[in-house]
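Listed below are the residues making up each chain.
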Amino acid sequence: TRFSILSSFTCLVISLIVLPKAGVRAASAISLQKSAAPRTGNVVVGFEFTISTPITVTHLGQFDVNQDGKFPRPVEVALWNNANRSLVTSATIPAGTHTTPSEGCFYAPINPVKLPPGVYVLALQVFSDGEGYVQEATIRTAPGITWRNGRFRSGSALEFPSTIRRDTPSYFGPNFKFTSDAPLT
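A brief report on the enclosed structure follows. No experiment lies behind these values; they were computed from the predicted model shown. (Residues numbered from 1 in each chain as written. Predicted model: local features only at pLDDT ≥ 70, side-chain atom pairs only at ≥ 80, totals over all residues. Heavy atoms only, no water.)

1. Re the overall build of the chain
The helix and strand inventory of the chain stands at 0 helices and 16 strands. Counting the 185 residues in the chain, one finds 49% classified as buried. Counted over contacts in the chain with a minimum sequence separation of 6, partners at least 24 positions apart contribute 78%. When the accessible area of the chain is evaluated, it comes to approximately 8,700 Å², of which 51% is carbon and sulfur surface. (Helix = DSSP H or I, 4+ residues; strand = E, 2+ residues; numbered from the N terminus. Buried < 20%, exposed > 50% of the residue type's maximum accessible area, 1.4 Å probe, protein only. Contact = heavy atoms within 4.5 Å. Areas by Shrake-Rupley, 256 points an atom, 1.4 Å probe, with all protein chains shown as cover.)

Next comes the structure, spelled out in structure tokens:
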């Protein structure tokens, strides 16, 4: 089957895309393990992270928390620059059945966005009757990406999540794909 029903599984939340001409090899940037039931509610959830080398974001996505290939509602995902809370890019993943997950996640392509090293926030809007998120997780990050804290805010509009949770890696559901702009060594 496409998914294993286990109490613990791994989803690659952020992953590199291979561009053959660029000679970039694929690697996982953050892997996520979920061991508890997903959560829902009318909230915006996500996380703050840093990048230490330039990247190009190519897709925004949502982890298939229910492991059923279905999203009951469209999912809005956004990426902000943390310094000035400006929206960098956003995407909507349509409601319905999705047949080809990428590492347990479904993505919407975006116009590629180059990001310089800095601090960013990735978040999505969750609804009580929609796809959920993972409250706490064990993560592994690739070189160049560092998880800083979880982010959330109450409400039914996708706005910058300013409430911070630093105690444990938290608020996973949104994700993205990117290519590294750093030269291979």
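Still more ground to cover, so stick around.
2. As for the pairing of strand 10 (residues 118–126)
Burial analysis of strand 10 places 7 of its 9 residues in the buried class, the great majority of the element. Pairing of strand 3 (residues 43–51) with strand 10 involves 9 bridges; the strand directions are antiparallel. When the bridges of strand 10 are listed, Val45 appears paired with Leu124. Across 5 bridges, the pairing between strand 6 (residues 75–81) and strand 10 is antiparallel. When the bridges of strand 10 are listed, Ala78 appears paired with Ala123. (Pairing = 2+ DSSP bridges.)

3. A short note on the nonpolar core
With 36 residues, the main nonpolar core has Phe49, Val57, Leu60, Leu115, Leu122 and Phe176 as its most contacted residues. For this core, the element with the most residues is strand 9 (residues 105–115), which contributes 7 residues. Once you skip the residues sitting within four places of it in the chain, Val57 turns out to touch Leu79, Ile110, Asn111, Pro112, Val113, Leu115, Phe176, Lys177 and Phe178. Of all hydrophobic cores here, the second largest spans 6 residues; its members include Ala78, Val121, Ala123 and Phe160. (Core = buried A, V, L, I, M, F, W, Y, C linked by side-chain atoms within 4.5 Å.)

4. What about empty space enclosed by the protein?
Scanning the model with the defined rule gives 1 cavity of 30 Å³ or more in all. Lining the largest cavity are Gln62, Arg73, Pro74, Val75, Leu124, Gln125, Val126, Phe127, Gly130, Glu131 and Gly132. Counting residues per element, the lining of the largest cavity draws most heavily on strand 10, which supplies 3 residues. Classifying every residue of the lining of the largest cavity gives 5 nonpolar, 4 polar and 2 charged. (1 Å grid on protein atoms, 1.4 Å probe; cavity = no way out; pocket = protein on both sides within 12 Å on 5 of 7 lines; lining within 4 Å. Points joined across faces, edges and corners; volume = space filled by probe spheres on them. Nonpolar A, V, L, I, M, F, W, Y, C, P; charged D, E, K, R; others polar.)

5. Focus: the pattern of salt bridges
Applying the stated criterion across every chain, the model contains 5 salt bridges. A salt bridge links Asp129 to Arg73; the shortest N-O distance between them is 2.8 Å. With Asp129 in the loop between strand 10 and strand 11 (134–136) and Arg73 in the loop between strand 5 (70–71) and strand 6, this residue pair connects regions lying 56 residues apart in the sequence. For Arg73, a relative accessible area of 29% corresponds to the partly exposed category. (Salt bridge = Lys/Arg side-chain N within 4 Å of Asp/Glu carboxyl O.)

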